[in-house]
Amino acid sequence: MNKLILLLLPLSLFAKLNIAVSYPYIGALVEEIAQDKLKITVLAKGNWDPHFVVPKPSLIVKLRRSDALIMNGGQLEIGWLPPLIRRAANSKVHVNTSSFLNLSHQVQMIQIPVSVDRSLGDVHPDGNPHFHLDPNNILVLAKSITRFLIQLDAENKTFYEKNLNEFTQRWNNNLLRWKTKMQAKKGMKILQFHDNLAYFNKAYGLESIATIEPLPGIPPSSKHVFKLISLIESEKPQCILHDVYHSTKTAKYLKNKTNIKIILMPHDINALDGIESLENLFDYLVKEVSNV
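Heads up: these notes are all about the structure in this document. (Residues numbered from 1 in each chain as written. Predicted model: local features only at pLDDT ≥ 70, side-chain atom pairs only at ≥ 80, totals over all residues. Heavy atoms only, no water.)

### Details of the packing of helix 2 (residues 24-34) against helix 6 (residues 157-182)
Defined as follows: Interaxial angle, 0 to 180 degrees, is taken between N-to-C directions of lines fitted to C-alpha atoms, where a helix line uses only the stretch in contact. Strands are runs of DSSP state E lasting at least two residues, helices are runs of H or I lasting at least four, and both sets are numbered from the N terminus onward. Note on definitions: a residue-residue contact is assigned when non-hydrogen atoms from the two residues lie within 4.5 Å. For this classification, Asp, Glu, Lys and Arg are treated as charged, while Ala, Val, Leu, Ile, Met, Phe, Trp, Tyr, Cys and Pro are nonpolar and the rest, including Gly, are polar.
Two elements in contact, helix 2 and helix 6, have axes separated by 7 Å at closest approach and are oriented at 120 degrees. Only Phe-159, Tyr-160, Asn-163, Leu-164, Phe-167 and Arg-170 of helix 6 make contact with helix 2, whose side of the interface consists of Leu-29, Glu-32, Ile-33 and Ala-34. Of the residues contributing to the contact of helix 2 with helix 6, the split by class is seven nonpolar, one polar and two charged.

### Structural notes on the pairing of strand 1 (residues 18-21)
Both faces of the sheet carry side chains from a regular strand, because those side chains alternate between them. So the rule is basically this: Each residue's exposure class comes from its accessible area (1.4 Å probe, protein chains only) as a fraction of the maximum for that residue type: buried when under 20%, exposed when over 50%, partly exposed otherwise. A clockwise path from the first strand over the helix to the second, with the strands pointing away from the viewer, defines a right-handed crossover. DSSP-based pairing: two strands are paired if at least 2 bridges between them are found.
Here strand 1 shows no split at all, with Asn-18 and Ala-20 on one side and Ile-19 and Val-21 on the other all buried. Between the parallel pair strand 1 and strand 2 (residues 39-42), the chain is carried across by helix 2, and the sense of this crossover is right-handed. Judged from the three bridges that link them, strand 1 and strand 3 (residues 68-71) form a sheet pairing that is parallel. For Ile-19, the partnering residue across the bridge sits in strand 3 and is Ala-68.

### Overview of the side chain of Ser-99
Formally: In the analysis that follows, any N or O atom pair within 3.5 Å is treated as a polar contact, provided that within protein one partner can donate a hydrogen and the other can accept it, and provided that, for residues neighboring in sequence, both atoms belong to side chains.
Its location among the elements puts Ser-99 in the loop between helix 4 (81-88) and strand 4 (100-102). Within the structure, the side chain of Ser-99 is placed 2.5 Å from the backbone oxygen of Lys-92, a separation counted as a polar contact. In this view, Ser-99 contacts Asp-67, Ala-68, Leu-69, Lys-92, Phe-148 and Leu-152; residues no more than four positions away in its chain are not counted.

### Some thoughts on the sheet that holds strand 1
With respect to topology, four strands assemble into an open sheet ordered 2-1-3-4, the strand pairing being parallel. For this open sheet the edge positions go to strand 2 and strand 4, each flanked by a neighbour on one side alone. Pairwise comparison of adjacent strand axes, ignoring direction, gives a mean angle of 20 degrees for this sheet. As paired elements, strand 1 and strand 2 share four bridges and run parallel to each other. The residue of strand 2 that forms the bridge with Ile-19 is Ile-40. Most of the contacts of helix 5 (residues 135-152) go to strand 3, to which it runs at about 170 degrees, and overall it touches strand 1, strand 3 and strand 4.

As structure tokens, then:
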């Protein structure tokens, strides 16, 4: 009799909720809290430029099959995610629904521009959207994701809260370890290609004196490069912290002219080989900078 009842129940009752997320780091946080209770669909790859993801038909299908969506926000996905949402025609992943979470609304954004003008480059009106690279923000995001998952799946509330507590304890230990390693680097001057490490720099007191981009999204001119050479010679920054998705051609030219060190800094899980978790990501970032 019981077997007959089970056969008559719709298969949807046994299916796991499918949570779509825009980037791998979000998927990793959802997995920390939900473990095997949910299916997680990550839209972008970790070694891609997070600003520019090609809205492929396969991504439309993934969103169409999702029960919820968690995005970074801060207009980081503005060029690719909205078209996917429209074409997926799935009300469950629409903005401002109970099954949609914008993580940028959960943190304190920095570098919010007073005005937005195309002459200033590709400025994000809401502020710098790379907030997950402050390891302190990871706990804020984990708590927000936990609340969101409980709202979607109240039956597993205790399970999610237990996993959050365990993750929080482990992450607090990591925060202390990373802080200790980075203490000696407070005030260290660095260059970047793009200011995607603003939150990391703020967390550990690094001073970013310039970017190889003269303005966000604008490639460097010869005039700007010559200014950077003069700046490096006068200010003596320790290194160039370079993202993995822009060409290092200009950075290598600067190194050739000034002997400044270049450090590749991954922004997400799988951005470089061996970066397979959030802990790996920050272990790498901290190790590379603390060893300069």
